[in-house]
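# Examination of the molecular architecture
Residues per chain are reported as follows:
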Amino acid sequence: MMKLFFCIFSCLAISLSQSELPSRYHTYEEIVDSLFHWNSLFSENNSPSQYYPGSGVIYQMEEIGTTGTDNLPIYAVKLSYNANQEIDKPKVLILGQCHAEEILGVEVSMEMIRRFLYPGNYLNDIQTLMGVLYYTEIWIVPTHNPEGHTVVHGWEEDGEWLQDVTFRKNKTDVNGNGVFDFDPEGYGNDLDGVDLNRNYDFNWFFGDPVNTLDGGCSANPSYVSHYDYYRGEYPFSEKEVQAIRDFAIEKQFLLSIAYHSSRSGCVAERVIYPWLWEGGKAAPDFTVISTLGQEIAELIDVEVGDGNYHHAASGSRKGNAHDWFYSQTGCIQYLIEIATENMQPFDVALIDDTVDRNLKGAYHLLKRAAGINVQDGPDKFQITGIITDASTNLPIQAEVEILEMSSPILKPRLTNSLGRYRRLLYADTFTLRVSKHGYETQIIENIVPSSSSITEIDVALLPVDAFPVSLNCNLPEDSFSQSIQMIRKVNSQIDTINLVEGVNDFVWKEGNYSLQFISDDIFPKKINFELDGALSQDVDLKWYDILFFDNFDNLDNWNVVRGDWVVSDGVLLSQDDLVYDNFHPLGPSRINLNQSISSSQNQNLSIKLSMKNELEWGKDTLFVDLFNATDSLNIYRNMGQNWSYHDEYINLVSQSSNNDFLSFGISSDITLGYRGVALNEMIIFSELESCKKGDYNHDGIIDVTDIIPIVNYITLYTSMTGFQSCASDSNDDEYIDILDIITFINYILEN
């Protein structure tokens, strides 16, 4: 008997030394086993519970992605009446775990699944469970960081038990040495891994670069966790975050909860939501968001003493999930920091109590999405409807705006595949605008939502007329056959269409169009028109000459008027720091071209800017002005964000009587700077009636570099483009020979 007791005690001691966490917490393997077990019981069960009459199947499970290093599956569970069908219901996403050490969220999400599957065991919640399951589609992802979860729970490798209960990130091999580098002693100092809640592409660049040291927080400056907040190599670099991104875009969730915990205690027991930034700049839906956030917080009791969770809008901008979800998909996500700094309690009763207390807040959010107010549920204040084509009665994908909560910072809110829109509101009066290219925009005013019923407004959009459009593209006579691209802009939509020389026929809906024509060696012509009838348009495309070129090796061509404009590695930057300066009483940050762009005659000009831009949406402006001694004209404005290199074209007519110069600048308000502009090339084209003889390489200068390829053509039979052939034929005799070379040599010697 004594030997048996000693054996049991010894085994227990070994087990505890290998796992610092109690068995109440689910390991990744246990999560997967449970999900598959429930799948076997419920995925084909049409009568899962007497409390769900006529429910059909209520459980489905799918793999939504895999991890980046260990290729572990990431699973999502769908809970709803008729879950095996695609039904038009509001969707809610629950993310149990993002950060590895924050394991209580796994327990909340697993318990949530269990309660919906076994409602008879939770009769106090029965009205909520029945109502939510009937009216909504719930998706639960217990963990989208299985790699980190495994590190926290521990694993055996080469006969050695490895574990780090304070690990936060995934297992990305950041330093590229082929080894998983982590430090199980204390907090942070893990060289490998990316913080998955810093890897989203909304304000990503404000997050921590690699190997950033932590400075703690004001509430607990002694808590230092180096390297724990690394944002990743680039936005969405991590497969785990890609999986959540793609899933969110596909499902178009209305509401979401992402569970976290705060080991430092700095934000413990708090409900956090989008956003209230510096200068009082709040999320456009802030009244809706903050009201629900406060309601959720007030339902979750704190662990110790009286009171409830705090609630607060997020003030940081660091590539967080909740800001990305809201701004890019329209889903309002709440980050709930579960528990105190004792975020991995050993007391099983405390774990269960923490789960119970947090489920009360989760139920409230689910009822808000469902539009039900059973068991002290929230006010409804919700609007929904179907957008259809008035002529066919078929659903269409249209943009739906609540004008009082609209902003350029938000990606357009589009109806789903069934034409459905849903928006949460509050007690006030609202204006609905529904728009789609090819249809008449409808505006519905004086909408007053109800606290007791969901407001339903269906909208049938009237198609506008469509007209034939014929574009006859004429290339220069001496051109060879070459491709033509047309960039078409209409009603904020942009697409690129390949054209042929000659007639190109289309049928387009009425609207205001801007067409930019691009082809090799061709002046980038622009045409603007309002289409309200049949249109036949000649598009005469001509060669260009280069009036000015700068690849920004230096600032010799420019005068800095105000600000910190610099050149770095061949790129003109609007500032030397990470972000541009805010408002200055002396005027905007500005840089001027120090040579005139006026030519000897009135000419069509086009300025090509190869650039990246990032401004505060709708607040700050990148501008280009044309100015002279007596006047100034704005010719370009950009208030958006596109931080990848792209080409912008500015077309204008140069007046020969003016001595015109260009000015670039950024006009900003008093808070929130961004990366501004990065310009790696600027070219000013002028439109030519015929090619410029001798300028073979099209750099605006005739020199020996033009003669060499002409010689190669004559002696080596190399190929030429249409422009090169035209530029090489100095005497217009349709032959390129030694006489042309002699002519160009004489020109160079004389000039």
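Below is a summary of the structure that appears in this document. (Residues numbered from 1 in each chain as written. Predicted model: local features only at pLDDT ≥ 70, side-chain atom pairs only at ≥ 80, totals over all residues. Heavy atoms only, no water.)

## Side note on the state of the cysteines
- Scanning the entire structure with this criterion turns up two disulfides.
- With a sulfur-sulfur separation of 1.6 Å, Cys217 is cross-linked through a disulfide to Cys266. Negative torsions about the S-S bond denote left-handed disulfides, and the value of about -55° found for Cys217 with Cys266 makes this one left-handed. Here Cys266 lies in the loop between strand 7 (255–260) and strand 8 (270–273) and Cys217 lies in the loop between strand 6 (160–162) and helix 6 (239–251), a separation of 49 residues in the sequence.
- The partly exposed category is assigned to Cys217, whose relative accessible area is 23%.
- Residue class for Cys266 comes out buried when judged on its relative accessible area of 15%.
- Residue Cys691 pairs covalently with Cys726 via a disulfide, S to S 1.9 Å. Across the S-S bond of Cys691 and Cys726 the torsion is about -85°, and the bridge reads as left-handed. Pair noted here: Cys691 is in the loop between strand 37 (676–687) and helix 10 (704–716) and Cys726 is in helix 11 (residues 722–728), with a separation of 35 residues, a long-range link. Across the pair, Cys726 and Cys691 agree in class, each one buried.
- When the cysteines engaged in disulfides are numbered in sequence order, the protein pairs them as 1-2, 3-4. (Disulfide = S-S within 2.5 Å. Helix = DSSP H or I, 4+ residues; strand = E, 2+ residues; numbered from the N terminus. Buried < 20%, exposed > 50% of the residue type's maximum accessible area, 1.4 Å probe, protein only.)

## Examining the layout of surface pockets
- Counted as a void, the largest pocket has a volume near 1,200 Å³.
- Put simply, the parts of the chain that give the lining of the largest pocket at least two residues each are helix 8 (321–329), strand 21 (484–490), strand 22 (493–499), strand 24 (511–518), strand 25 (526–531), strand 32 (603–614) and strand 35 (641–654).
- The biggest single contributor to the lining of the largest pocket is strand 35, with eight residues. (1 Å grid on protein atoms, 1.4 Å probe; cavity = no way out; pocket = protein on both sides within 12 Å on 5 of 7 lines; lining within 4 Å. Points joined across faces, edges and corners; volume = space filled by probe spheres on them.)

## As for the pattern of salt bridges
- In this structure the tally under the stated criterion is 28 salt bridges.
- In this structure, the salt-bridge partner of Glu137 is Lys78, at a minimum N-O distance of 3.8 Å. Note that Glu137 is positioned in strand 4 (residues 137–141) and Lys78 in strand 2 (residues 73–79), a separation of 59 residues in sequence. The pair formed by Glu137 and Lys78 is uniform in burial state, with each residue classed as buried.
- Overlapping salt bridges, with partners in common, bring together Glu111, Arg114, Arg115, Asp125 and Asp356 in one network. (Salt bridge = Lys/Arg side-chain N within 4 Å of Asp/Glu carboxyl O.)

## Brief notes about helix 3 (residues 104–117)
- With 14 residues, helix 3 should reach 20 Å at 1.5 Å per residue; the first-to-last C-alpha distance of 20 Å fits that figure.
- For helix 3, a buried count of 13 out of 14 residues is recorded, marking the element as mostly surrounded by other parts of the structure. (Expected span 1.5 Å × (residues − 1).)

## A closer look at the packing of aromatic side chains
- The final tally for this structure, using the stated rule, is 36 aromatic pairs.
- With a centroid separation of 5.2 Å and an interplanar angle of 80°, the aromatic rings of Tyr81 and Tyr134 are classed as edge-to-face. Of the two residues, Tyr81 sits in the loop between strand 2 and strand 3 (91–95) while Tyr134 sits in helix 4 (residues 126–135), which places them 53 residues apart along the sequence.
- Residue Tyr81 is classed as buried on the basis of its relative accessible area, which comes to 7%.
- By relative accessible area, Tyr134 is classed as partly exposed at 46%.
- Ring centres of Trp558 and Phe664 lie 5.5 Å apart, and the angle between their planes is 65°; this geometry places the pair in the edge-to-face category. With Trp558 in strand 28 (residues 558–562) and Phe664 in strand 36 (residues 661–667), the pair connects residues that are 106 residues apart, well separated along the chain. (Phe/Tyr/Trp six-rings, centres within 6.5 Å; stacked < 30°, edge-to-face > 60°.)

## Observations regarding the packing of helix 10 against helix 12 (residues 738–750)
- With their axes 10 Å apart at the nearest point, helix 10 and helix 12 run at an angle of 170° to one another. What the angle tells us is that helix 10 and helix 12 run roughly antiparallel. Contacts between helix 10 and helix 12 pair Val704, Ile707, Ile710, Val711 and Ile714 from the former with Ile738, Ile741, Phe744, Ile745 and Ile748 from the latter.
- Its residues assigned to classes, the contact of helix 10 with helix 12 shows 10 nonpolar, no polar and no charged. (Axes fitted to C-alpha atoms, helices over the stretch in contact; angles between N-to-C directions. Parallel < 35°, antiparallel > 145°, perpendicular 65-115°, else oblique. Contact = heavy atoms within 4.5 Å. Nonpolar A, V, L, I, M, F, W, Y, C, P; charged D, E, K, R; others polar.)

## Concerning the sheet that holds strand 7
- With mixed pairing, the eight strands of this open sheet are ordered in space as 1-2-4-3-7-12-8-11. Strand pairing shows two members of the sheet lacking a second neighbour, strand 1 (59–66) and strand 11 (310–313), which therefore form its edges. Ignoring which end each strand starts from, the neighbouring axes of this sheet average 20° apart.
- Here strand 3 pairs with strand 4 via five bridges, running parallel. Note on strand 4: the bridge partner recorded for Val92 is Ile138. (Pairing = 2+ DSSP bridges.)

## Topic: the side chain of Thr384
- Within the element layout of this structure, Thr384 appears in strand 13 (residues 382–389).
- Every residue in contact with Thr384, bar those within four places of it in the chain, is listed here: Arg420, Tyr421, Arg422, Ile454, Thr455, Glu456 and Ile457.

## Describing a nonpolar patch on the surface
- On the surface, Ile738, Leu739 and Ile742 cluster together into a nonpolar patch covering about 280 Å² of accessible area.
- Tracing the backbone through its elements, the reader meets Ile738 in helix 12. (Patch = residues over 30% accessible without salt bridge, like charges linked within 9 Å, V, L, I, M, F, W, Y side chains within 5 Å. Areas by Shrake-Rupley, 256 points an atom, 1.4 Å probe, with all protein chains shown as cover.)

## Observations concerning empty space enclosed by the protein
- Counting across every chain of the model gives four cavities of 30 Å³ or more.
- By volume, the largest cavity is sized at about 60 Å³.
- Where the lining of the largest cavity is concerned, the elements lending two or more residues are strand 32, strand 33 (621–627) and strand 37.
- Broken down by class, the residue content of the lining of the largest cavity amounts to 10 nonpolar, no polar and no charged.
- Within this model, the second largest cavity holds a volume of roughly 50 Å³.
- Leu95, Gln97, Cys98, His144, Asn197, Tyr200, Ala258, Tyr259, His260, Ala321 and Gln333 together form the lining of the second largest cavity.
- In terms of residue count, the dominant contributor to the lining of the second largest cavity is strand 7 (three residues).
- Class assignment of the residues belonging to the lining of the second largest cavity gives a composition of six nonpolar, five polar and no charged.

## Quick notes on the environment of Val92
- You can see Val92 is positioned in strand 3.
- Residues Val92 and Thr136 lie 44 residues apart in sequence; the distance between their C-alpha atoms is 7.4 Å.

## A closer look at the sheet that holds strand 33
- Pairing is antiparallel in the open sheet, where five strands are placed in the order 28-31-36-33-34. Each edge of the open sheet is held by one strand with a lone partner, namely strand 28 and strand 34 (632–638). The sheet shows a mean angle of 20° between the axes of neighbouring strands, direction not considered.
- With four bridges joining them, strand 28 and strand 31 (residues 589–593) adopt antiparallel strand pairing. Considered in strand 31, the bridge of Trp558 is made with Leu593.

## Description of the packing of helix 4 against helix 9 (residues 348–370)
- Between helix 4 and helix 9, the shortest axis-to-axis distance is 9 Å and the interhelical angle comes to 45°. One finds that helix 4 runs oblique with respect to helix 9. For the crossing formed where helix 4 meets helix 9, the hand is left-handed. Where helix 4 abuts helix 9, its residues Thr128, Leu129, Val132 and Tyr135 lie against Tyr363, Leu366, Lys367 and Ala370.
- Tallied by class, the residues present in the contact of helix 4 with helix 9 amount to six nonpolar, one polar and one charged. (Left-handed = near helix turned anticlockwise from the far one by under 90°.)

## A look at the environment of Gly280
- Here Gly280 is to be found in the loop between strand 9 (276–277) and strand 10 (281–282).
- Exposure remark for Gly280: the relative accessible area of 57% places this residue in the exposed category.

## Section: helix 7 (residues 286–299)
- Taking 1.5 Å per residue as the helical rise, helix 7 with its 14 residues ought to reach 20 Å, and the 20 Å between its terminal C-alpha atoms agrees with that figure.
- All of the buried residues in helix 7 are Val288, Ile289, Ser290, Leu292, Gly293, Ile296 and Ala297.

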